[in-house]
Amino acid sequence: MRAPFLNSRLQGLGATIFATMSQLAADTGSINLGQGFPDTDGPEEIKAAAIRAIEEGHNQYPPGPGIPQLRAAVARHQLDYWGLDLDPASEVLVTAGATEAIAAAMLSLCEIGDEVIAFEPFYDAYLAAAAMAGARLVPVRLQAPNWEFDPEELRRAVSPRTRAIMLNSPHNPTGKVFSPSELVLLAELCQEHDLIAITDEVYEHMIFSGRHVPIATLDEMARRTLTISSAAKTYSFTGWKIGWATGPAPLVAAVRTAKQFLTYVNGAPFQVAVAYALNEGRRFTDLVVPTISEQRRMLADGLTKAGFEVMGGDGTYFLTTDISGVTDLDAKDFCMELASKAGVVAVPSSVFYLEPRAGEKLVRWTFCKRREVIAEAVERLGSLA
Ligand code: PMP
Ligand code: GLN
């Protein structure tokens, strides 16, 4: 048989780092500050809504674009929080998490050979989705420790093949929240070069200072922006995989074309439950930050005490550290050793760079774990010094 089996577009992608690190945590009995998923479920009432939905018979294929009440709830959310006015029928698409929306966006909006600009370090799914679409990811570096980018580098990254800019704010892994002036710059570039903005806002409700500004709200941007978000982080149900893409009807229709042949539809009862959660508005979203602020502070303090330079951003549930003060190892080796020696798992940020050496001293930690878990992790890290 002809080998290798993995086609050339996907070669080099390997296993996702998050699954790998969670497996390492399981194998070594370590505390898992690697993969970003909470160790407590979201609100009981939302769970009860899902159980009720199953009992009431929401168990067959839902409508292709998502159940009408969820599309309406997403549209209302976008209006209430961000002032974005959407037609639920044509401008909202429910997807299998933000992940599917990202993949469907790349698959439907890019021609083979197109380029997509993304800020590096970047969330792993962007590179994979671009690869599956036959597109090329062109990185623009966010510079530690403030995670600013050079506007000239951004301008240079645009070529005649550029189709889209992939923006993620609040940003995984750095926690950066893009500033209004940075967003203006991006918007100007999109207009000047007729680019689509694909924006991943799954951490839109996880901001510890500053505020979230969807790029779709900037002048002239609504008509060229596909906004992606998800219920996973906001409501702490990462396993439900209910996400959505919103934007102008032609963009959403394009993404729907790909989505319908990826999963067709997904998560019927969970769609009902997420519609319930969204319709409750701030009652649930206002819980997000208070629920994890203390864990954030505990982890930041603990890491600092253990000798790491913490370069926390203003959003997400991740902190990034420079490990130079603690070890001569590179991030990957350090994380392997950390698991076996200290019983703590974190993610080497080198995996978020096309050229891993650029992130070889950076490690990402999540604080979306119970306080006693963070306390224990911090104690273990303290013993490293
Ligand atoms: N985008 C970013 C930046 C993420 O961190 C994640 C992980 N939750 C996703 C997308 C995927 O979201 P979902 O679980 O809804 O597919
Ligand atoms: N978004 C999560 C993280 O960054 C993980 C989700 C996943 O494993 N795909 O850790």
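Structure: above.
The rules behind the values
- Residues numbered from 1 in each chain as written.
- Chains lettered and ligands numbered in written order.
- Predicted model: local features only at pLDDT ≥ 70, side-chain atom pairs only at ≥ 80, totals over all residues.
- Heavy atoms only, no water.
- Helix = DSSP H or I, 4+ residues; strand = E, 2+ residues; numbered from the N terminus.
- Buried < 20%, exposed > 50% of the residue type's maximum accessible area, 1.4 Å probe, protein only.
- Contact = heavy atoms within 4.5 Å.
- Areas by Shrake-Rupley, 256 points an atom, 1.4 Å probe, with all protein chains shown as cover.
- Lys, Arg positive; Asp, Glu negative; His and termini not counted.
- Charge placed at Lys NZ, Arg CZ, Asp CG, Glu CD.
- Near = heavy atom within 4 Å.
- Polar contact = N/O pair within 3.5 Å; in protein donor to acceptor, adjacent residues only side chain to side chain.
- 1 Å grid on protein atoms, 1.4 Å probe; cavity = no way out; pocket = protein on both sides within 12 Å on 5 of 7 lines; lining within 4 Å.
- Sits in = over half its atoms within 2 Å of the grid points.
- Nonpolar A, V, L, I, M, F, W, Y, C, P; charged D, E, K, R; others polar.
- Expected span 1.5 Å × (residues − 1).
- Arc of directions from axis to C-beta.
- Points joined across faces, edges and corners; volume = space filled by probe spheres on them.
- Pairing = 2+ DSSP bridges.
- Axes fitted to C-alpha atoms, helices over the stretch in contact; angles between N-to-C directions.

### Brief notes about the overall build of the protein
Move 1: Each helix and strand counted, the protein has 14 helices and 13 strands in total.
Move 2: Viewed in the frame of its principal axes, the protein has a C-alpha envelope of about 55 × 55 × 50 Å.
Move 3: Across the 385 residues in the protein, those meeting the buried criterion constitute 55%.
Move 4: Intrachain contacts of the protein at a sequence separation of at least 6 include 74% that bridge at least 24 residues.
Move 5: Of the roughly 16300 Å² of accessible surface on the protein, a fraction of 52% belongs to carbon and sulfur atoms.
Move 6: For the protein, the distance from the average site of its 34 positive side-chain charges to the average site of its 46 negative ones is 3 Å.

### Comments concerning the site of ligand 1
Move 1: Around ligand 1, 15 residues are found, and the nearest of them are Thr99, Asp200, Tyr203, Ser230 and Lys233.
Move 2: Within the side chain of Lys233, a nitrogen or oxygen atom sits 2.5 Å from a nitrogen atom of ligand 1.
Move 3: For ligand 1, the accessible surface in isolation is 390 Å², of which the surrounding protein chains cover 94%.
Move 4: Among the cavities detected, the one that contains ligand 1 is the largest pocket.
Move 5: Elements supplying a minimum of two residues to the shell around ligand 1: helix 4 (97-109) and helix 8 (231-234).
Move 6: Among the elements that line the shell around ligand 1, the one with the most residues is helix 4, at four residues.
Move 7: Here the shell around ligand 1 is composed, by residue class, of seven nonpolar, five polar and three charged.

### A short note on helix 1 (residues 17-28)
Move 1: Helix length check: helix 1 (twelve residues) gives 16 Å between terminal C-alpha atoms against 16 Å at 1.5 Å per residue, within 8%.
Move 2: Within the sequence span of helix 1, burial applies to Ile17, Phe18, Met21, Ser22, Leu24 and Ala25. Angularly, the buried residues of helix 1 cover 155° about the axis, an arc narrow enough to put them on a single face. Among the exposed residues of helix 1, those pointing more than 90 degrees away from its buried face are Ala26 and Asp27.
Move 3: The elements touched by buried residues of helix 1 are strand 1 (31-32), helix 5 (124-132), helix 13 (331-342), strand 11 (344-345), strand 12 (347-348) and strand 13 (362-366).
Move 4: The first or second residue beyond helix 1 is Gly29, which carries a positive phi of 65°.

### Digging into the layout of surface pockets
Move 1: For the largest pocket, the calculated volume is near 980 Å³.
Move 2: Forming the walls of the largest pocket are 43 residues, and the residues nearest its centre are Thr16, Phe18, Tyr123, Asp124 and Ala125.
Move 3: Of all the secondary structure elements, the ones that give two or more residues to the lining of the largest pocket are helix 1, helix 4, helix 5, helix 8 and helix 13.
Move 4: Partitioned by chemical class, the residues of the lining of the largest pocket number 25 nonpolar, twelve polar and six charged.
Move 5: When its volume is computed, the second largest pocket comes out at roughly 310 Å³.

### Notes on unusual backbone geometry
Move 1: Across the junction of Ala3 and Pro4, the peptide omega takes the value 0°, indicating a cis bond.
Move 2: Here Pro4 shows up in the segment before helix 1.
Move 3: Positive phi is not limited to glycine here, since Asp194 has a value of about 55°.
Move 4: Examined against the element boundaries, Asp194 turns out to sit in the loop between helix 7 (180-192) and strand 6 (196-200).
Move 5: Positive phi, close to 65°, is recorded for Tyr264, a residue that is not glycine.
Move 6: Inspection of the secondary structure assignment puts Tyr264 in the loop between helix 9 (249-262) and helix 10 (268-279).

### A short note on the site of ligand 2
Move 1: Near ligand 2, the surroundings consist of Phe18, Gln35, Gly36, Tyr123, Asn172, Tyr203, Lys233, Phe318 and Arg364.
Move 2: Gln35 has a polar side-chain atom sitting 2.7 Å from an oxygen atom of ligand 2.
Move 3: Note that a nitrogen atom of ligand 2 is positioned 3.2 Å from one of the side-chain N or O atoms of Tyr123.
Move 4: Protein contacts shield 79% of the accessible area of ligand 2, which totals 290 Å² for the unbound molecule.
Move 5: Classifying every residue of the shell around ligand 2 by side-chain character gives four nonpolar, three polar and two charged.

### A look at the sheet that holds strand 5 (residues 162-168)
Move 1: The seven strands are arranged 2-8-7-6-5-3-4 in an open sheet whose pairing can be described as mixed. With one partner strand each, in any of the chains shown, strand 2 (92-96) and strand 4 (136-141) form the two edges of the open sheet. Each neighbouring strand pair of the sheet contributes to a mean axis angle of 25°, computed without reference to strand direction.
Move 2: For strand 5 and strand 6, the ladder comprises five bridges, and the chain directions are parallel. Residue pairing across strands places Met166 opposite Ile198, the latter belonging to strand 6.
Move 3: The sheet strands contacting helix 3 (residues 68-82) are strand 2, strand 7 (225-230) and strand 8 (242-246), and the helix crosses strand 2 at an angle near 110°.
Move 4: In this fold helix 4 packs onto strand 2, strand 3 (115-120), strand 5, strand 6, strand 7 and strand 8, with an angle of close to 115° to the strand it touches most, strand 2.

### Some remarks on the pairing of strand 2
Move 1: For strand 2, a buried count of five out of five residues is recorded, marking the element as mostly surrounded by other parts of the structure.
Move 2: In terms of strand pairing, strand 2 meets strand 8 through five bridges, oriented antiparallel. Across the sheet, Val92 pairs through a bridge with Thr246, a residue of strand 8.

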